[in-house]
Amino acid sequence: PRSDCIAAEQLCLLDSTCNGTYRILESCVLARTRFLPLDHQNRDRCLHAELVLGNSSLLHCKCHRRMKRQEHCLRIFWTVHSSMTDGEMIINLQDPANEEHWKTDYNKLAALVSGRDCSQLAADTTNPCLKATHVCNLSKKCVRLRTDYASICTKGAGSDDMCDHRKCHRALRNFFEKVPEDFTKRILFCPCQDELCGERRRKTIVPDCSFQYNAKPNCLWLLDSCLEDHICKSRLADFQQNCQPTDMSPDGCSQHNHAACLQAYMGMIGTPMTPNYVSNFSVEVSLWCTCESSGNQKEKCDQILSMFESNKCL
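Residues numbered from 1 in each chain as written. Predicted model: local features only at pLDDT ≥ 70, side-chain atom pairs only at ≥ 80, totals over all residues. Heavy atoms only, no water.

Q: Whenever I open this one, the overall build of the protein confuses me. Can you help?
A: Looking only at helices and strands, the protein has 16 helices and two strands in total. Out of the 314 residues in the protein, the part that is buried amounts to 45%. Contacts in the protein between residues at least 24 apart in sequence constitute 70% of all its contacts with a sequence separation of at least 6. Accessible surface, the protein: about 17,000 Å² in total, of which carbon and sulfur atoms supply 52%. (Helix = DSSP H or I, 4+ residues; strand = E, 2+ residues; numbered from the N terminus. Buried < 20%, exposed > 50% of the residue type's maximum accessible area, 1.4 Å probe, protein only. Contact = heavy atoms within 4.5 Å. Areas by Shrake-Rupley, 256 points an atom, 1.4 Å probe, with all protein chains shown as cover.)

Q: I would appreciate a short explanation of empty space enclosed by the protein in the present structure.
A: Rolling a probe over the atoms, with the probe sized like a water molecule, indicates the empty space that remains. A complete count under the given rule lists two cavities of 30 Å³ or more for this structure. Here the largest cavity defines a volume of roughly 70 Å³. If you go around the largest cavity, the residues you meet are Arg65, Arg66, Arg173, Phe176, Glu177, Glu181, Arg235, Gln263, Met266, Gly267 and Ile269. For the lining of the largest cavity, the secondary structure elements donating two or more residues are α9 (165-178) and α15 (258-268). Grouping the amino acids of the lining of the largest cavity by side-chain chemistry returns three nonpolar, two polar and six charged. Counting contributing residues, the lining of the largest cavity receives three or more from each of domain 2 (106-211) and domain 3 (219-310). (1 Å grid on protein atoms, 1.4 Å probe; cavity = no way out; pocket = protein on both sides within 12 Å on 5 of 7 lines; lining within 4 Å. Points joined across faces, edges and corners; volume = space filled by probe spheres on them. Nonpolar A, V, L, I, M, F, W, Y, C, P; charged D, E, K, R; others polar. Domains from an automatic or database assignment.)

Q: Even after reading the chapter, I still don't get the nonpolar core, so can you show me in this structure?
A: When a protein is soluble and globular, its nonpolar side chains tend to lie buried together. Judged by nonpolar contacts, the single largest core of 50 residues is most densely connected at Phe175, Phe176, Phe239, Met273, Leu287, Ile304 and Phe308. Where this core is concerned, the elements lending two or more residues are α7 (128-137), α8 (140-153), α9, α10 (181-188), α13 (219-227), α14 (230-242), α15 and α16 (298-309). Lining this core are residues from two domains, each supplying at least three of them: domain 2 (106-211) and domain 3 (219-310). Residue contacts for phenylalanine 175: discarding those within four places in its chain leaves Cys142, Leu145, Arg146, Tyr149, Thr184 and Ile187. Residues Cys18, Ala49, Val80 and Ile231 belong to the second largest nonpolar core, which totals 20 residues. (Core = buried A, V, L, I, M, F, W, Y, C linked by side-chain atoms within 4.5 Å.)

Here it is as structure tokens:
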């Protein structure tokens, strides 16, 4: 039966055989992470550990985007699936348990809006992104978590201090995971017709800290940074699965589900591969990276960049 990986790990640790095998696999993963060479005997030992754990509850365990101890859960998942290649990465990150709660929350919001003096909202109809911010302000959770990430991601702005990318990314993920999508999608995908609106939309994820570096890194470096991070690696797998483009389908999506693709795209925000709008005048998005000086890996680098820049499904 499928369970979350933390529960599956606890079951495994109670069984002496599973416990010992799991510890072997952990040491194998650690060696690979540190690029330590394994002799023939240890390689066989690692392979055997993977095969044995294939019969445990750990094999089919899952992690959810809004669960507690998400990073710990994903560390377990990638330990058990350590031999999985980039092309095989698929992980279920959607937690349907919260959907009904979100509907209730949004109904409360609708009642609030209809029952109050909406002059401020009405005045902002020319800037949908500003209006979306005011709608967020009607929810205590939305305004609190939005204020949190804005505060963390703008520390050091205007001075010589560098922002803390990791803390900024964590705060951004916190916002997009814990606030209902009825609020977050309004802010992130508000339609713009002018520069003022576009600039507000582009700065939703605080690009100076979460998106940009002093110089554009190579996209292959960005990918490596992502694959070394359990959360980013999982979100990228989700994005590749749900935003896979195809010329064989009229809608450009192999999964025929644009909503799932947009949700997977939102999942990339707050990771080393955070995307953003490239200008104030369009809905084009990209990663902050370049494929210059990619040598014989130029084709692979272009593929990474095109997942966002030229993706018909997205």
